[in-house]
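# Structural overview for review
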Amino acid sequence: MKKIIALGGSNSKNSINKTFATYVANQVNDAEVIVADLNDFSIPSYGIDHETAHGIPEGVTRLHDLIDSVDGLVVSLAEHNGAYSAAFKSTYDWLSRINPKVWKNKPMLLMATSPGGRGGKSVLEIAKGSFPRLGGNIIADFSLPSFNDNFLETGIKDETLQAELNDKIKLFEAAL
């Protein structure tokens, strides 16, 4: 059985991206899903002064080791003003201080969702451009628009979007 991480790129307690990543990861056949909530790692904002004074935070090391221990990642990014959430960006920056290949070339299903009609497409494009330089092996990507209108705990209401997502999951499964 393969082990995969479901990670939402937000520190919101009610993160729709964590909900979405968890849902999708649980659709992957023969996989043990580990939900990684950014709040569980207590990661401060990245800054060289903080690193110089205190070193790498323990939570960053734990997340780094968790990524190292799995076979793949399902990541859904929150979009804040067209880019990463501050919590995710700091996490990403800290992780790169341990290993510049943050994602360790693990197969990744990269996604975004938002309450709006674009579904986090701006942050998804940013990640698609930068993740490969940092060890991101993006197998497939998917954007879910209008999360509150399109998502149910049992799946996506729009059959076309659900079929597209199913195809992306199959590509990800094949890469594990």
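Throughout what follows, the structure given in this document is the object of discussion. (Residues numbered from 1 in each chain as written. Predicted model: local features only at pLDDT ≥ 70, side-chain atom pairs only at ≥ 80, totals over all residues. Heavy atoms only, no water.)

The terminal C-alpha atoms of helix H7 (residues 159–175), which comprises 17 residues, lie 25 Å apart, in line with the 24 Å expected from a rise of 1.5 Å per residue. Of the positions making up H7, those classed as buried are Leu161, Gln162, Leu165, Lys168, Ile169 and Phe172. The arc that holds every buried residue of H7, seen down its axis, measures 120°, which confines them to one face. Turned more than 90 degrees away from the buried face of H7 sit Glu159, Thr160, Lys170 and Ala174, all of them exposed. For H7, the N-terminal cap is Asp158; the gap from its side-chain oxygen to the backbone nitrogen of Thr160 is 2.9 Å. (Helix = DSSP H or I, 4+ residues; strand = E, 2+ residues; numbered from the N terminus. Expected span 1.5 Å × (residues − 1). Buried < 20%, exposed > 50% of the residue type's maximum accessible area, 1.4 Å probe, protein only. Arc of directions from axis to C-beta. Polar contact = N/O pair within 3.5 Å; in protein donor to acceptor, adjacent residues only side chain to side chain.)

Right, let's get into the environment of Ser90. Relative to the helices and strands, Ser90 is located in helix H4 (residues 86–98). Note on Ser90: relative accessible area 12%, which makes it buried. Taking the C-alpha atoms as reference points, Ser90 and Val60, separated by 30 residues in sequence, lie 10.0 Å from one another. Once you skip the residues sitting within four places of it in the chain, Ser90 turns out to touch Pro44, Ser45 and Tyr46. Here Tyr46 takes part through its backbone nitrogen, which lies 3.1 Å from a polar atom of the side chain of Ser90. (Contact = heavy atoms within 4.5 Å.)

Here we take up the packing of helix H3 (residues 58–69) against H4. Where H3 contacts H4, the two axes come as close as 10 Å, and the packing angle between them is 75°. In terms of axis orientation, H3 runs roughly perpendicular to H4. Here Val60, Thr61, Leu63, His64 and Ile67 of H3 lie close against H4, whose contacting residues are Thr91, Trp94, Leu95 and Ile98. Classifying every residue of the contact of H3 with H4 by side-chain character gives six nonpolar, three polar and no charged. (Axes fitted to C-alpha atoms, helices over the stretch in contact; angles between N-to-C directions. Parallel < 35°, antiparallel > 145°, perpendicular 65-115°, else oblique. Nonpolar A, V, L, I, M, F, W, Y, C, P; charged D, E, K, R; others polar.)

In this section: the sheet that holds strand S5 (residues 137–144). Spatially, S2-S1-S3-S4-S5 is the arrangement adopted by the five strands of the open sheet, whose pairing is parallel. Two strands close off the open sheet at either side, each with one partner strand: strand S2 (31–36) and S5. Averaged over all pairs of adjacent strands, the angle between strand axes in this sheet comes to 20°, irrespective of strand direction. Across six bridges, strand S1 (residues 2–9) lies against strand S3 (residues 72–77) in parallel orientation. Bridge pairing in S3 links Ile4 to Gly72. Sitting on the sheet, helix H5 (residues 121–130) is in contact with S3, strand S4 (107–113) and S5, with an inclination near 175° to S5. (Pairing = 2+ DSSP bridges.)

Per the counting criterion, the structure on display carries seven salt bridges. The shortest N-O distance in the salt bridge between Asp93 and Lys89 comes to 2.7 Å. Placement of both Asp93 and Lys89 in helix H4 is noted, with a separation of four residues, approximately one turn of the helix. The exposure class of Lys89 is partly exposed, given its relative accessible area of 35%. (Salt bridge = Lys/Arg side-chain N within 4 Å of Asp/Glu carboxyl O.)

Note that every value here comes from positions in space, so none of it alone points to a role or purpose.
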